[in-house]
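One-letter residues, chain by chain:
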Amino acid sequence: MVIVSRLIAKFNTYYADKPVLTIMVTNAVLGGIADTVAQSLTAIRAKSKRTIALGKDISDGIEMPDYDEKSPYATEFLIPHRTPGPPPFDFERLTRFMSYGFIMSPVQFQWFAFLSRAFPITKQSATTPALQRLLKEAGVER
């Protein structure tokens, strides 16, 4: 818990000094974490499908005629070789996600600053301005 409070204090200090740069770095890091999680889940899902498929034979209980003897093409030509296992980690994709988060941050910062000025949230009225911001973000105009 102490580490989290120190990170929050450090983030607030950096945000007070250089808000746009802090948001840029934060978005890049969060984009990298999100893409890493997505690629890891894809690898786990591919591994679980592969282990399930290894125990089954598609021809169990089904009588299938042997058409391979009549085919003029080799089996390797018709069915490409598949690599076993999940796809490798894509660092180029990770870099794209992080770059997109880094580059789009100034635009998002300005947009949310505009929304804060246009629809200020006060203690007396918090729900209506928040809904107006949400509708503005979604592109719905009154």
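Right, let's walk through the structure included here. (Residues numbered from 1 in each chain as written. Predicted model: local features only at pLDDT ≥ 70, side-chain atom pairs only at ≥ 80, totals over all residues. Heavy atoms only, no water.)

Here we look at helix α4 (residues 91-118)
Okay, step 1: The end-to-end C-alpha separation of α4 is 40 Å, in line with the 40 Å expected for 28 residues at 1.5 Å each.
Okay, step 2: Residue S105 marks the point of greatest curvature in α4, where the axis turns by about 40 degrees; the proline P106 follows within four residues.
Okay, step 3: Those residues of α4 lying buried are L94, G101, S105 and L115.
Okay, step 4: Its side-chain oxygen at 3.3 Å from the backbone nitrogen of E92, D90 defines the N-terminal cap of α4. (Helix = DSSP H or I, 4+ residues; strand = E, 2+ residues; numbered from the N terminus. Expected span 1.5 Å × (residues − 1). Bend = angle between axes of the 7 residues up to and from the residue. Buried < 20%, exposed > 50% of the residue type's maximum accessible area, 1.4 Å probe, protein only. Polar contact = N/O pair within 3.5 Å; in protein donor to acceptor, adjacent residues only side chain to side chain.)

With respect to the environment of V20
Okay, step 1: Within the secondary structure layout, V20 lies in helix α2 (residues 19-54).
Okay, step 2: Look at V20 and you get partly exposed, because its relative accessible area is 28%.
Okay, step 3: In the structure, V20 is positioned 85 residues away from S105 in sequence and 7.3 Å away in space, judged by C-alpha atoms.

Focus on the pattern of salt bridges
Okay, step 1: One pass over the full model with this rule turns up two salt bridges.
Okay, step 2: With a shortest N-O distance of 2.6 Å, D35 and R93 are connected by a salt bridge. Of the two residues, D35 is situated in helix α2 and R93 in helix α4; the sequence distance between them amounts to 58 residues.
Okay, step 3: Here D35 falls in the buried class, since its relative accessible area comes to 1%.
Okay, step 4: As a salt-bridge pair, R96 and E92 come within 3.3 Å of each other at their nearest N and O atoms. Of the two residues, R96 and E92 are both situated in helix α4; the distance of four residues between them amounts to about one turn of the helix.
Okay, step 5: Assessed through its relative accessible area of 48%, R96 is described here as partly exposed.
Okay, step 6: With a relative accessible area of 54%, E92 lands in the exposed category. (Salt bridge = Lys/Arg side-chain N within 4 Å of Asp/Glu carboxyl O.)

Digging into the packing of α4 against helix α5 (residues 127-138)
Okay, step 1: The N-to-C vectors of α4 and α5 enclose an angle of 140 degrees; their axes lie 10 Å apart at closest approach. Judged on the interaxial angle alone, α5 and α4 are oblique. Along this stretch, α4 crosses α5, giving a crossing that reads as right-handed. Across the interface between the two elements, W111, F112, F114, L115 and S116 from α4 touch R133, K136 and E137 from α5.
Okay, step 2: Tallied by class, the residues present in the contact of α4 with α5 amount to four nonpolar, one polar and three charged. (Axes fitted to C-alpha atoms, helices over the stretch in contact; angles between N-to-C directions. Parallel < 35°, antiparallel > 145°, perpendicular 65-115°, else oblique. Left-handed = near helix turned anticlockwise from the far one by under 90°. Contact = heavy atoms within 4.5 Å. Nonpolar A, V, L, I, M, F, W, Y, C, P; charged D, E, K, R; others polar.)

Focus on the packing of aromatic side chains
The way to describe two aromatic rings as a pair is by their centre distance and the angle between their planes.
Okay, step 1: The final tally for this structure, using the stated rule, is three aromatic pairs.
Okay, step 2: Residues F89 and F91 carry aromatic rings whose centres are separated by 4.8 Å and whose planes lie at 65 degrees to one another, so their mutual orientation is edge-to-face.
Okay, step 3: Geometrically, the ring pair formed by W111 and F114 is tilted, given 5.6 Å between the ring centres and 35 degrees between the ring planes. A residue pair is termed a helical-turn pair when its members lie 3 or 4 positions apart in one helix, as W111 and F114 do in helix α4 at three residues.
Okay, step 4: Residue classification places W111 among the partly exposed residues on the basis of a relative accessible area of 32%. (Phe/Tyr/Trp six-rings, centres within 6.5 Å; stacked < 30°, edge-to-face > 60°.)

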